[in-house]
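Residue-level listing of the chains:
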Amino acid sequence: MRTRRDSWAAALFLVAAAAILMICSMNSWLYPLNPWSDVNILGTMGREMLEGQVPYRDLFDHKGPLIYFLFGLCMNLMPGTYHGLFLLEVLCCAGAMFFGWKTARLYLPDLSPLWVVPLFALLAGSDWFGAGASVEELLLFPMAWSLYDLLASWRGGKPLTSGALLRNGVLAGCVLWTKFNLLSFHFVWMAAVAIDALVRERKLWPPVKMCLIFLGGMALATLPWMVYFGANGAIGDLIDGYFASNLFEYGAEGGRSWLGNLAYWTLDAARRAPVCFILLALSMVLVLAVPRSLMAVREKAMLLCAAALLAASMFSRSMAMSYYATELGLFFPFALLPLKWLRRRGARSWPRWTAAAAAVLVLAGSAGAAYALCGFAGGIGTPYGQTAQAQIAEIIRDSGIEDPTLVHYRSMDTGVYYASGARPAHRRYTGTNIQRDAYLAEIQQLIDGGVPDFVVTLLFDPEDIPKLERYERVAVIPTDYGSGSGDVTYYCLYQRIEEV
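Residues numbered from 1 in each chain as written. Predicted model: local features only at pLDDT ≥ 70, side-chain atom pairs only at ≥ 80, totals over all residues. Heavy atoms only, no water.

(A) Quick peek at empty space enclosed by the protein. Evaluated as defined, the whole model comprises 4 cavities of 30 Å³ or more. Along the walls of the largest cavity sit 14 residues, with Ala96, Met97, Phe120, Gly329 and Pro333 positioned nearest its centre. Elements with a contribution of two residues or more to the lining of the largest cavity: α4 (83–105), α5 (116–124) and α6 (135–156). Class assignment of the residues belonging to the lining of the largest cavity gives a composition of 12 nonpolar, 2 polar and no charged. The space that makes up the second largest cavity amounts to roughly 110 Å³. (1 Å grid on protein atoms, 1.4 Å probe; cavity = no way out; pocket = protein on both sides within 12 Å on 5 of 7 lines; lining within 4 Å. Points joined across faces, edges and corners; volume = space filled by probe spheres on them. Helix = DSSP H or I, 4+ residues; strand = E, 2+ residues; numbered from the N terminus. Nonpolar A, V, L, I, M, F, W, Y, C, P; charged D, E, K, R; others polar.)

So this is what it looks like as structure tokens:
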């Protein structure tokens with residue numbers, strides 16, 4: 001049941017998420033644009049999807065269709081900006097903090113929501129977070145909600161209702177159609193629910209029934225996509241482009257075993273964000289070490305298994321990105337468990353105004369810490385016209401070509417499509433982390449045939465600028481905006497030479 005304290009906490013988390021993400025997300029009003037390839041690929045897929053293009057069949061990428069649809073809607077909410085994505089981030093991160101706080105309160109009933117805000121600031125300012133609106137960041141919300149539902153039912157001594165099971169099945173379905181390897185969390189979640197019911201009831205039907213209701217929720221989240229891809233005759237493209245490519249191609253190369261990959265990428269995550277890694281390690285140690293009077297064995301087992309399987313699903317391939325670890329922030333609230341014993345009994349009562357003062361101090365301190373930690377904060381206040389994307393967009397508009405087409409050559413979508421309004425000239429409109437040989441071959445053939453009006457490529461060394469037959473190089477633009485490390489990237493724009 002929602003209480004007045006919950007409402008105040010929700011409002012606080014919305015303000016905190018907005019303040020911290022204003023600094024740490026390049027989708028905010030403080031930045032002219034977000035050049036991160038992940039965000040722009042998802043955005044281009046989503047916008048083209050709303051224009052009638054079918055993912056995987058007409059344009060290739062390997063995330064789930066739900067995230068494309070959400071990005072398309074959000075980027076059309078405030079055209080020409082990334083602010084719609086910022087609003088989505090604020091809602092999802094505030095929701096994750098809210099349910100993280102509710103989960104921590106199961107063990108620390110008097111816990112102030114102010115304790116959770118700095119944890120989020122440390123996560124958002126770290127290298128684990130990316131430049132904003134990663135899939136992992138947005139999925140913190142449904143996972144935190146599911147985690148709270150399960151632990152609240154166990155600690156309340158009441159089994160999950162059919163409605164709660166159905167709701168969590170829908171949440172799991174949303175994860176399935178966004179980035180299905182992260183479904184490992186809900187696999188542990190449902191297994192824990194079923195095993196607990198089997199032990200408690202000593203009958204097979206109750207856990208089977210619970211699993212069926214949960215799967216029914218997943219089916220509800222799946223139905224729209226079966227209808228969409230079925231109506232477009234693209235079920236095979238969906239299976240091949242989303243499931244098969246991720247299962248059998250992504251990170252399949254490399255000489256290490258899956259255990260070696262797990263160790264390598266875990267150490268890499270620790271190196272990139274040592275404070276976050278210490279928080280995670282502390283959380284897991286405390287979950288294991290706290291007495292059973294505070295946390296039952298089944299709760300400990302579920303949390304440790306969920307963290308382990310999540311890490312394995314993210315880090316067991318030969319390829320892993322730093323922002324994958326964002327999902328492990330789900331367990332940060334358990335680092336607050338020592339407050340159970342640090343709280344002094346009979347502490348004095350403070351005037352009401354001190355709560356407001358504490359909130360202001362915590363919000364200001366968290367935002368300051370986020371600014372100090374964020375590697376992209378140097379881009380705050382950069383004029384839009386100084387970005388490579390804006391300069392390329394101006395050249396394309398001044399060309400006079402109606403409905404110009406574009407492809408990325410040996411590089412990934414960094415927002416040039418969005419800034420210029422140019423449409424992808426081919427299914428392989430951008431480089432991706434899989435099927436790179438197919439992308440290079442098809443794009444080379446496309447350029448050799450002079451099909452796209454414009455070609456753009458990104459280089460780190462100006463000596464490597466290629467010469468393309470049938471195309472004239474019209475701009476070379478160096479920029480360090482959005483690099484996070486100060487490295488300069490060279491944007492090269494080519495325009496097709498019209499034959500007389």
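Don't stop here, the text continues.
(B) Just the sheet that holds strand β5 (residues 489–496), in detail. Strand order across the open sheet formed by 5 strands is β2-β1-β3-β5-β4, with mixed pairing between neighbours. The sheet is open, and its two borders are formed by β2 (423–424) and β4 (471–479), each paired with just one other strand. Pairing of strand β1 (residues 405–408) with β2, which is carried by 2 bridges, proceeds in the parallel orientation. When the sheet's bridge partners are listed, Leu406 is paired in β2 with Pro424. (Pairing = 2+ DSSP bridges.)

(C) Quick look at the pattern of salt bridges. Throughout the structure, instances matching the rule amount to 15 salt bridges. Here Lys102 and Asp6 are joined by a salt bridge, their closest N and O atoms 2.9 Å apart. Linking Lys102 in helix α4 with Asp6 in helix α1 (residues 4–24), this pair joins segments that are 96 residues apart in sequence. A residue is classified by how much of its surface remains accessible, and Lys102, at 14% relative accessible area, is buried. The shortest N-O distance in the salt bridge between Glu136 and Lys179 comes to 2.5 Å. With Glu136 in helix α6 and Lys179 in the loop between α7 (162–176) and α8 (184–201), the pair connects residues that are 43 residues apart, well separated along the chain. Lys179 matches Glu136 in its accessibility class, with the two residues each being buried. One salt-bridge network, in which partners are shared between bridges, spans Asp196, Arg200, Glu201 and Arg298. (Salt bridge = Lys/Arg side-chain N within 4 Å of Asp/Glu carboxyl O. Buried < 20%, exposed > 50% of the residue type's maximum accessible area, 1.4 Å probe, protein only.)

(D) Spotlight on the pairing of strand β3 (residues 454–459). Most of β3 sits inside the fold, with 6 of its 6 residues counted as buried. Alternating residues of β3 divide into Phe454, Val456 and Leu458 and Val455, Thr457 and Leu459, and every residue in both groups is buried. Judged from the 3 bridges that link them, β1 and β3 form a sheet pairing that is parallel. In the sheet register, His408 faces β3, and the bridge partner there is Val456. Pairing analysis gives 6 bridges linking β3 to β5, with the strands arranged antiparallel. Each bridged residue has a counterpart across the sheet, and for Leu458 the counterpart in β5 is Tyr491.

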